[in-house]
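Fold and geometry: a report
For reference, the chains in residue letters:
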Amino acid sequence: MRHGAARDAVTVTSPELIRAHATLRRGSHFLGLGLGGPGAAQRAIKGRYRAKVIGNGLRELDRFLNHLVAEAAQCRGIALPDSERNTANKLARLRRALRVPNPDHARLVALAHSRNCLFHCGGAVRRGDRQDDTAMTIGWHGEGGALRRVAVGGELAVSAADLAEVCRFYRDIADRLLAEARRLPNGIA
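A short tour of the structure in this document, coming up. For every chain, the first residue of the written sequence is number 1, and numbering continues from 1 along that sequence. Two thresholds apply to this predicted model, a pLDDT of at least 70 for residue-level local features and 80 or more for giving and counting side-chain atom pairs, whereas whole-chain, interface and lining totals are computed over all residues. Side-chain numbers here rest on the full set of heavy atoms in the structure, without hydrogens or water.

A separate point is the nonpolar core. Put simply, buried Ala, Val, Leu, Ile, Met, Phe, Trp, Tyr and Cys residues joined by side-chain atoms within 4.5 Å make one nonpolar core. Relative accessibility decides the category of a residue: with a 1.4 Å probe and only protein chains considered, values under 20% of the type maximum give buried, values over 50% give exposed, and everything between is partly exposed. The biggest cluster of nonpolar side chains holds 41 residues, and the ones touching the most others in it are Leu94, Leu108, Leu156 and Tyr170. Elements represented by at least two residues in this core include exactly α2 (15–34), α3 (48–75), α4 (87–98), α5 (105–121), β1 (135–141) and α6 (160–182). Note on contacts: a residue pair qualifies if any of its non-hydrogen atoms lie within 4.5 Å across the two residues. With sequence-adjacent residues up to four places away left out, leucine 108 is seen in contact with Leu65, Ala88, Leu91, Phe169, Tyr170 and Ile173. Think of it this way: any DSSP run of H or I at least four residues long counts as a helix, any run of E at least two long counts as a strand, and we number them from the N terminus.

The following block contains the structure:
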């Protein structure tokens, strides 16, 4: 075994990476169950607090993903700026360095807009994706598989099914990112 391969084999089994992966998976599972699992009708959060709770839950998932990206980068010896708080950009930077596709960027950006709208505006859509845009893209799919859009002035409604879909998306990213971090350079496995 080459000296470098032995070092890489130790690096990719990092306990910090495994913990970060498990934390994101548990958090997404918990959030998905919290508003739609057994007994949800008895503990339903209603009114203006529902949007804030969902927005906060999405912020936590984003933080868990941000931490997982940092751990994956560290395992692969890729330096990312510590100050990078934008998870979509941080993941894009990591995947560029790994030379792997990044199909998640647009949805992560839409989820950032959605969680900010929910947390800070109670779900009232006050701005579009860009200046002078008349609608905001949200982080869950509509009919036909495209990400939905909500007109400025509209309400961002989140069903239990929408939230479950978003939580599955985060678990899928976690699993793919773990595989990408474990994949050794030069085809060594």
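Resuming the write-up.
Mapped onto the fold, arginine 107 is located in helix α5. The class for arginine 107 is buried, based on a relative accessible area of 10%. Excluding its chain neighbours within four sequence positions, the residues that come into contact with arginine 107 are Gly139, Trp140, His141, Leu147, Glu165, Val166 and Phe169.

Next up on the list: the pairing of β1. Counting buried positions along β1 yields six of seven residues, so the element is predominantly enclosed. The hairpin turn running from β1 into strand β2 (residues 147–151), its antiparallel successor, is five residues long, and glycine 144 in that turn takes a positive phi close to 85 degrees. Between any two strands, pairing holds if DSSP finds at least two bridges.

Before going further, it helps to spend a moment on the pattern of salt bridges. Salt bridges are defined as contacts in which a side-chain nitrogen from Lys or Arg sits within 4 Å of a carboxyl oxygen from Asp or Glu. Taken as a whole, this structure holds 14 salt bridges when the rule is applied. Linking arginine 95 and aspartate 104 is a salt bridge whose minimum nitrogen-to-oxygen distance equals 2.6 Å. Across the pair, aspartate 104 and arginine 95 agree in class, each one buried. The partner of arginine 148 in a salt bridge is aspartate 162, with the nearest N and O atoms 2.6 Å apart.

Further remarks concern the environment of phenylalanine 30. Structurally, the position occupied by phenylalanine 30 is in helix α2. Judged by relative accessible area, phenylalanine 30 falls into the exposed class, the value being 63%. Sequence-wise, phenylalanine 30 and glycine 57 are 27 residues apart; in three dimensions their C-alpha atoms are separated by 9.5 Å.

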